[in-house]
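Close look at the chain arrangement
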Amino acid sequence: LAPLERTARWLRNHNLSRIALSGSYRLTTAMVLGTSFRAAVGFELEIPTRDGVWATDDRPSTDMRQPWRISDPMALHGDQLVVTVGVLRDPSADLEQTAGIPRQAVLTLHLEEPIPSAASAQVAASAIKRAVDGAVARLRPQGIQLYFAGPAALAVALGHRWNAMAPTQLHEFVVSKRSYIATALI
């Protein structure tokens, strides 16, 4: 995180606000990139995908909707808000078995269709952020535990909008161990 924060400072000092990302990266790296170069401090990103570049300033129309299935938590897990975000695959389905977190303590957001465009990614990031903001306001956690299963481009877009949030521990699923590991704290 420190090198990315230094880079963001350097870019702001040189009045550079548009960044074209390249390469492929894990979900944690994608979320950290978005957070380091977030909208709140004036950055716009160009996110590479198989279908071309998704720009974070590609704003959706006001009538664009997505059928997110959202399940609100009944309580915190300790003092933490546990959040699962899944596009096509629902990470909450096996969270109790792999991480010992009961279903009723999880804010679950699941979309059963792909994210096809930059505008769709912005709608998704807004929906996720709004649901998390609502749960944070209601439950007042000390931190957030985030489990994400979806496209890296959406993770970048979500990180780009992850403003004024409690400290967030990112987790990634390790297939060989069939469990989650904590990766980065943002």
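Residue positions within a chain follow its written sequence, with the count starting from 1. With pLDDT at 70 or above as the cut-off, local features in this predicted model cover only qualifying residues; side-chain atom pairs require 80 or more to be listed or tallied, and sums for whole chains, interfaces and linings still use all residues. Note that the side-chain values use all heavy atoms of the structure and ignore hydrogens as well as water.

Quick look at the overall build of the protein chain
In plain terms, the rule: Counting from the N terminus, the helices are the DSSP runs of H or I reaching at least four residues and the strands are the DSSP runs of E reaching at least two. Computation of the radius of gyration draws on C-alpha atoms alone. For the globule rule, the value is 2.2 Å times the number of residues to the power 0.38. With a 1.4 Å probe rolled over the protein chains alone, any residue whose accessible area is under 20% of its type maximum counts as buried; one over 50% counts as exposed, and the rest are partly exposed. Accessible surface area values rest on a Shrake-Rupley calculation with a 1.4 Å probe, where residue burial reflects the displayed protein chains alone. A positive count includes Lys and Arg, and a negative count includes Asp and Glu. His and the chain ends are not counted in either. In plain terms, the charge of a residue is placed at NZ if it is Lys, CZ if Arg, CG if Asp and CD if Glu.
The helix and strand tally for the protein chain stands at 5 helices and 9 strands. In sequence order, the secondary structure elements of the protein chain are arranged as α-β-α-β-β-β-β-α-β-α-β-α-β-β. Against the compact-globule benchmark of 16 Å for 186 residues, the protein chain has a radius of gyration of 16 Å, which places it among compact chains. Dimensions of the protein chain, computed from the C-alpha atoms along their principal axes, are close to 45 × 35 × 35 Å. In the protein chain, which comprises 186 residues, the share counted as buried stands at 49%. A total of about 9,300 Å² of accessible surface is found on the protein chain, and carbon and sulfur atoms cover 52% of it. Taking the average place of the 19 positive charges on the side chains of the protein chain and the average place of its 16 negative ones, the gap between the two points comes to 5 Å.

Focus on the packing of aromatic side chains
Rules: Two rings belonging to Phe, Tyr or Trp (six-membered ring only in the last case) form a pair when the distance between their centres is within 6.5 Å. Interplanar angles under 30 degrees mark stacking, angles over 60 mark edge-to-face geometry, and anything in between is tilted. Geometrically, a lysine NZ or arginine CZ counts as sitting over a ring once it is within 6 Å of the ring centre and also within 35 degrees of the ring normal.
The tally for this structure, following the rule as stated, stands at 3 aromatic pairs. Measuring from ring centre to ring centre gives 4.9 Å for Tyr-147 and Tyr-180, while their planes differ by 85°; the resulting arrangement is edge-to-face. Taken together, the positions of Tyr-147 in strand S7 (residues 143-149) and Tyr-180 in strand S9 (residues 179-185) put the pair 33 residues apart, joining distant regions of the chain. An aromatic cluster of three or more residues is present, and its members are Tyr-147, Phe-173 and Tyr-180. The side chain of Arg-89 reaches across the aromatic face of Phe-173, ending 5.7 Å from its centre.

Overview of the side chain of Gln-122
As a reminder of what qualifies: Pairs of N or O atoms within 3.5 Å make up the polar contacts considered here, provided that, within protein, one atom can donate a hydrogen while the other can accept it, and that residues adjacent in sequence are counted only when both atoms are side-chain atoms. Residue contacts are defined here by distance: any two heavy atoms, one from each residue, within 4.5 Å place the two residues in contact.
Structurally, Gln-122 can be placed in helix H4 (residues 118-139). When its relative accessible area of 5% is taken as the criterion, Gln-122 is described as buried. Of note is the side chain of Gln-122, whose polar atom sits 3.0 Å from the side chain of Arg-161. When sequence neighbours within four positions are dropped, the list of residues in contact with Gln-122 reads Ala-55, Thr-56, Asp-58, Arg-59, Pro-60, Ala-157 and Arg-161.

Some words on the sheet that holds S9
Note the threshold: We call two strands paired when DSSP finds no fewer than two bridges between them. Between N-to-C directions, angles cover 0 to 180 degrees, with each direction set by a line fitted to C-alpha atoms, over the stretch in contact for helices.
Taking strand neighbours across the sheet as the criterion, the 6 strands line up as S4-S6-S5-S7-S8-S9 in an open arrangement whose pairing is mixed. A single partner strand is all that each edge strand has here, and the edge strands are strand S4 (69-71) and S9. Direction aside, neighbouring strands of the sheet carry axes that sit 20° apart on average.

Considering unusual backbone geometry
Backbone geometry places Leu-88, a non-glycine residue, at a positive phi of 75°. Residue classification places Leu-88 among the exposed positions, given a relative accessible area of 54%. At Ala-164, a position not held by glycine, the phi torsion is positive, near 55°. Mapped onto the elements, Ala-164 comes out in the loop between helix H5 (152-160) and strand S8 (168-174). Looking at Ala-164, the relative accessible area reads 85%, which means it is exposed.

Some points on the confidence of the model for the protein chain
What counts is decided by this rule: Each residue carries a pLDDT score, the predictor's own confidence in it, on a scale running from 0 to 100.
With 100% of its residues at a pLDDT of 70 or more, the protein chain has an overall mean of 93. For the protein chain, the element scoring lowest by mean pLDDT is helix H3 (residues 95-99), at 84; strand S6 (residues 106-111) scores highest, at 97.

Re the sheet that holds strand S1 (residues 18-20)
One open sheet holds the 3 strands; their spatial order is S1-S2-S3, and the pairing between them is mixed. Every interior strand has two partners, whereas the edge strands, S1 and strand S3 (52-55), have only one. In this sheet, adjacent strand axes meet at a mean angle of 20° when their direction is disregarded. Bridge analysis of S1 against strand S2 (residues 44-49) gives 3 bridges, and the strand direction is parallel. Its bridge partner being in S2, Ala-20 is matched across the sheet by Glu-46.

A few points about the packing of H4 against H5
The criterion, for reference: In this scheme, roughly parallel covers angles under 35 degrees and roughly antiparallel covers those over 145, while 65 to 115 is roughly perpendicular and the rest are oblique. Handedness of a helix crossing follows the sense of rotation of the near helix relative to the far helix, less than a right angle counterclockwise being left-handed and clockwise being right-handed. Under the scheme applied here, ten amino acids are nonpolar (Ala, Val, Leu, Ile, Met, Phe, Trp, Tyr, Cys and Pro), four are charged (Asp, Glu, Lys and Arg), and all others, including Gly, are polar.
In the contact formed by H4 and H5, the axes pass within 9 Å of each other and the chain directions differ by 55°. Compared by their axis directions, H4 and H5 come out oblique. Like other packed secondary-structure pairs, H4 and H5 cross with a definite hand, here right-handed. Along its contact with H4, which presents Ala-121, Gln-122, Ala-124, Ala-125 and Ile-128, the element H5 presents Leu-154, Ala-157 and Leu-158. Grouping the constituent residues of the contact of H4 with H5 by class yields 7 nonpolar, 1 polar and no charged.

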